[in-house]
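# Reading the structure
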Amino acid sequence: MPNLKIQEAQLLFNKIRSNPKGYDLKTSTEGITGKDDKISFKLYRSGEKCIFEVTIDGLTFSNATGEWNNAMIMLENIINKIEKETENIKVQQALDKLKKYLSEEN
């Protein structure tokens with residue numbers, strides 16, 4: 001697996017962080033995954049290290065520098081925030097439907 005230069009990895013991570021909803025972020029026991037129409041990535045723990053893998057055109061590049069522990073925490077927090085926002089939207093939509101239902105005449 002070819003190495004991903006730290007500068008490129010940092011740029012990609014910052015791009016993901018600036019538009020997290022554009023990457024279909026997911027968490028699992030394997031780590032954090034995401035993708036858009038051009039790339040996919042995976043950020044996961046391997047022993048003491050975190051590894052950032054990026055796949056483009058069928059080739060996977062990786063970077064295992066020490067800074068991905070914090071990156072993983074940041075992405076997990078972003079995913080939690082997005083999930084809460086989504087849940088709040090669903091709750092608000094349900095309340096709006098209930099209000100509409102209650103205001104209708106029988």
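Our subject in this report is the structure included herewith. (Residues numbered from 1 in each chain as written. Predicted model: local features only at pLDDT ≥ 70, side-chain atom pairs only at ≥ 80, totals over all residues. Heavy atoms only, no water.)

## Quick notes on the overall build of the protein chain
For the record, the criterion: Put simply, DSSP H or I for four residues or longer makes a helix, DSSP E for two residues or longer makes a strand, and each gets a number counted from the N terminus. Each residue gets one of three labels from its accessible area relative to the maximum for its type: buried under 20%, exposed over 50%, partly exposed in between, using a 1.4 Å probe on protein chains only. Contacts are residue-level and defined by heavy atoms, with any inter-residue pair within 4.5 Å sufficient. Here, Shrake-Rupley sampling with a 1.4 Å probe gives the accessible areas, and only protein chains in the shown set may cover a residue. For the purpose of counting charges, residues Lys and Arg are taken to be positive, whereas Asp and Glu are taken to be negative. His and the chain ends are not included. Every charge is mapped to an atom, namely NZ of Lys, CZ of Arg, CG of Asp or CD of Glu.
When helices and strands are counted, the protein chain shows two helices and five strands. Moving toward the C terminus, one meets the helices and strands of the protein chain in the order α-β-β-β-β-β-α. When its C-alpha atoms are laid out on the principal axes, the protein chain stretches across 65 × 30 × 20 Å. Here the protein chain, with 106 residues, has 26% of them falling under the buried criterion. Here the contacts in the protein chain between residues at least 6 apart in sequence split such that 46% fall between residues at least 24 apart. For the protein chain, the accessible area works out to roughly 7800 Å², and carbon and sulfur atoms hold 51% of it. When the 16 basic and 16 acidic side-chain charges of the protein chain are each reduced to a single mean position, those positions are 2 Å apart.

## Focus on a nonpolar patch on the surface
What counts here: Residues enter patches when they are more than 30% accessible in relative terms and free of salt bridges; like-charged ones are connected within 9 Å and nonpolar ones (Val, Leu, Ile, Met, Phe, Trp, Tyr) within 5 Å. One side-chain nitrogen of Lys or Arg within 4 Å of one carboxyl oxygen of Asp or Glu is enough to make a salt bridge.
A contiguous nonpolar surface patch, about 510 Å² in accessible area, is contributed by Val91, Leu95, Leu98, Tyr101 and Leu102. You can see Tyr101 is positioned in helix α2 (residues 68-103). We classify Tyr101 as exposed; its relative accessible area is 58%.

## A short note on the packing of aromatic side chains
To keep things clear, this is the line we draw: For Phe, Tyr and Trp, where Trp contributes only its six-membered ring, two rings pair if their centres lie within 6.5 Å, and the inter-plane angle classes them as stacked under 30 degrees, edge-to-face over 60, or tilted in between.
Within this structure, the stated rule accounts for four aromatic pairs. Considering the side-chain rings of Phe13 and Trp68, the 6.0 Å spacing of their centres and the 65° angle between planes classify their relative orientation as edge-to-face. Of this pair, Phe13 sits in helix α1 (residues 6-18) while Trp68 sits in helix α2; the two residues are 55 residues apart in sequence, bridging distant segments of the chain. The two residues Phe13 and Trp68 agree in class, both being buried. Look at Phe52 and Trp68: their rings are 4.8 Å apart centre to centre, the planes differ by 45°, and that puts the pair in the tilted class. Here the residue Phe52 occupies a position in strand β4 (residues 49-56), and Trp68 occupies one in helix α2, the gap between them amounting to 16 residues. With respect to class, Phe52 is no different from Trp68; both count as buried. Feature note: the residues Phe13, Tyr23, Phe41, Phe52 and Trp68 constitute an aromatic cluster, connected by ring pairs.

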